[in-house]
Amino acid sequence: MKPSLFHSFTPSLLIAASAALLSACNHFNPDNGPIRLNQVGFAPLQEMTATIVLPDSTVDPYATTVVITNAIDDTVWIGVPAVTMNNPVSGKRCQIIDFSALEREGDYTLFVSNPSFSEAAHFIIKNHPYRELTRAALRAYYHQRASMATEEPYAEGYARPAGHPDDHVLVHASAATAERPEGTVISSPGGWYDAGDYNKYIVNSGYTMGVWLMAYEFNRDYFDTLQLNIPVTGNPSSVTPPCPDMLSEAMYNIRWMMTMQDLDGGVYHKLTEPNFEGFIRPDQCKKPRYVVMKTTAATLDFAATMALAARVYAPYDSAFCAQATDAAIRAYAWAQAHPEVYYDQPAMNKQFKPEITTGAYDDFDVTDEFFWAATELHLLTKAKEYALDVIRYKSQIAGYLPAVWGNVGELAMLEILMHRDLYQGFPDEFQDALLHHLEPYLDEATTVSVFLSPYGNREEDFFWGCNSEGCCWRGVECLYAYRLTGDQRYRINAERCLNYILGQNATGFCYVTGFGTHPTSHPHHRLSYSHAKGTLPGFLAGGPNPARQDAETDGVKYPKNVPADESYLDYQPSYASNEVTINWNVTLFALTAGLDAIR
Ligand code: G3I
Ligand code: 9MR
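Residues numbered from 1 in each chain as written. Chains lettered and ligands numbered in written order. Predicted model: local features only at pLDDT ≥ 70, side-chain atom pairs only at ≥ 80, totals over all residues. Heavy atoms only, no water.

Quick look at the site of ligand 1
Around ligand 1 lies a shell of 13 residues, among which Asp194, Asp197, Trp405, Trp464 and Glu579 are the nearest. Within the side chain of Trp464, a nitrogen or oxygen atom sits 3.0 Å from an oxygen atom of ligand 1. Relative to its unbound accessible surface of 780 Å², ligand 1 loses 52% to contact with the protein. Looking at the shell around ligand 1 residue by residue, the class counts come to seven nonpolar, three polar and three charged. (Near = heavy atom within 4 Å. Polar contact = N/O pair within 3.5 Å; in protein donor to acceptor, adjacent residues only side chain to side chain. Areas by Shrake-Rupley, 256 points an atom, 1.4 Å probe, with all protein chains shown as cover. Nonpolar A, V, L, I, M, F, W, Y, C, P; charged D, E, K, R; others polar.)

Have a look at this one:
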């Protein structure tokens, strides 16, 4: 039975509330309502909370009451918000509702009532609430595959023709050598499109493969049985024992990466058209593509990836592992001989033609790349020369946290922690550094956060790609901390990071396409935009980015004075807040799979 207090729901109240909210929401986003909660699902024993972002028109916050009903309309929870406080970033007044007491699987409706507004939101409690999301986040990479058509039954409704064969790639003047002069044609097919664009970048691929293969090692049993419905031809899955789907998908990109190594061991920074394509289908793209400049960062990320892959794929394909080991060793040697070749696109364009204006993934400090590559090579070969480099580069750990595409030192730290028996002393130092780094965020989750989250309570939490690089990655760090200490607090905070991504946040979006009641629906993604069926599912959007580098381009208009945590537009041209990328999805599934595997 619905309680009597909800008989006071009146159309006029609803209209007034909607009008107030509409005026508050920005030009491109829909009204996601004041109730913010995980829109995908909770596991039965999980902490469950929702946040009400009180409409500005609220006269008396303390008059809010809450009722939760189950699928047959029985009241299962009735109460008042546990806390009323201001969002430390936006200043907005919020209330937290804690309904963790609910345990039964089912569909629920949460009704919020206040004399100034009334709202309802649905949520689900079920076992393995993140299984489907994990699968979709991984299947997103199948859709990103370059040089091949995506076909049924694998495309699951999103088939498209092949594009970018990349079998006729030109060596750019910046990458010319005596053996491969400018204009030499090489073949570099396959791999994944980086993001919303159609280019392929080694630095970002390397970081992505690192997080990917480490996620596999972290939850091997889980991934060994996860079915992705992807084609496995050309991958090592025919080898006995069968290669798990997630390793098959990764191999599609790793084999492309291998083609990016020059004869001398150095690795091209990227394979790209000179300027970004329009929003057209892959098969419609006809621009010439180039491999551009070998760099130290790309070569080291490549070395680390190949060494890690040689270890992980050892049970499946010995020929590949021998090739990857050799590639890694030669790449590392090249980087040692060329330790400071940085990708400086404006400087390169002054010297060489054609001009290249696509993604730079520039990085002028490769200490962390040396550390990661040395660590992976040491884990693979156990050779003394790499051990000495691990020692040499480990000294800067404070600067290695958190890991992002341009700062991969933490990947080495986590690898060492996961193989700590091989090392004496310093794993303890690394563990302390990780826990010390997390502590203030965990503290903020229960002291200042209106979303009960260890992420999103500071202005600096919001930047280009923050949903992944800030929020999901912090959740993954919590999973590592949980594995290392067994302390449930870390598991709970990993869940809280995911709750944030799935809707308990300042904008009310579930930032994964195709999931939740208010999902990101218009990402900056050429594959989605150009597909007759529309947006592809399972992609994580970049997230609120107060730097707003895209403001005013292509009609992108942020409302004036929008708070940092709301600088997000679910609008296709907004590349600075709403793009999707391979490096962002990997942290999402590392988090969802990690949580799914625990429950
Ligand atoms: O390093 C500075 C830091 O010192 C400073 O405090 C901070 C203040 O905002 O900025 C930092 O630089 C940022 C840089 O990323 C490193 O994190 C830049 O502002 C920011 O604009 C830059 O964003 C990158 C963006 O490309 C533009 O270069 C994103 O991380 C990166 O994910 C994104 O990658 C693009 C590719 O180029 C092309 N493909 C799509 C992909 C995703 O949008
Ligand atoms: O589409 C591009 C996206 O993939 C990049 O991340 C972004 C930043 O480098 O740039 C996008 O391209 C835009 C360009 O930078 C400026 N003009 C509008 C382009 C999008 O249509």
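Some points on the sheet that holds strand β3 (residues 65–69)
Strand pairing in a sheet is mediated by backbone hydrogen bonds. Such pairs are either parallel or antiparallel. Taken in spatial order, the four strands of this open sheet run β4-β3-β7-β8, and their pairing is antiparallel. The open sheet has two free edges, formed respectively by β4 (75–79) and β8 (117–125), since each of these has just one partner strand. Adjacent strand axes in the sheet meet at a mean angle of 15 degrees, parallel and antiparallel pairs treated alike. (Pairing = 2+ DSSP bridges. Helix = DSSP H or I, 4+ residues; strand = E, 2+ residues; numbered from the N terminus. Axes fitted to C-alpha atoms, helices over the stretch in contact; angles between N-to-C directions.)

Things to note about the sheet that holds strand β2 (residues 49–53)
Strand order across the open sheet formed by four strands is β1-β2-β6-β5, with antiparallel pairing between neighbours. The open sheet is flanked by β1 (35–36) and β5 (83–86), the only strands paired with a single partner. With two bridges joining them, β1 and β2 adopt antiparallel strand pairing. Residue pairing across strands places Ile35 opposite Ile52, the latter belonging to β2.

Observations concerning the packing of helix α3 (residues 202–218) against helix α11 (residues 409–418)
In contact at an axis separation of 11 Å, α3 and α11 are set at 20 degrees when each is read in the N-to-C sense. The angle between the axes of α3 and α11 places the two elements in the roughly parallel class. Helix-helix and strand crossings are classified by hand; for α3 and α11 the assignment is left-handed. Residues Tyr207, Gly210, Val211, Met214, Glu217 and Phe218 of α3 pack against Leu411, Leu414, Glu415 and Met418 of α11. (Parallel < 35°, antiparallel > 145°, perpendicular 65-115°, else oblique. Left-handed = near helix turned anticlockwise from the far one by under 90°. Contact = heavy atoms within 4.5 Å.)

Examining the environment of Phe123
Mapped onto the secondary structure, Phe123 falls in strand β8. Residues Phe123 and Thr109 lie 14 residues apart in sequence; the distance between their C-alpha atoms is 6.3 Å. What Phe123 contacts, discounting residues up to four positions off in sequence, is Leu37, Asn38, Phe42, Ile68, Phe99, Leu102, Gly106, Asp107, Tyr108 and Leu110.

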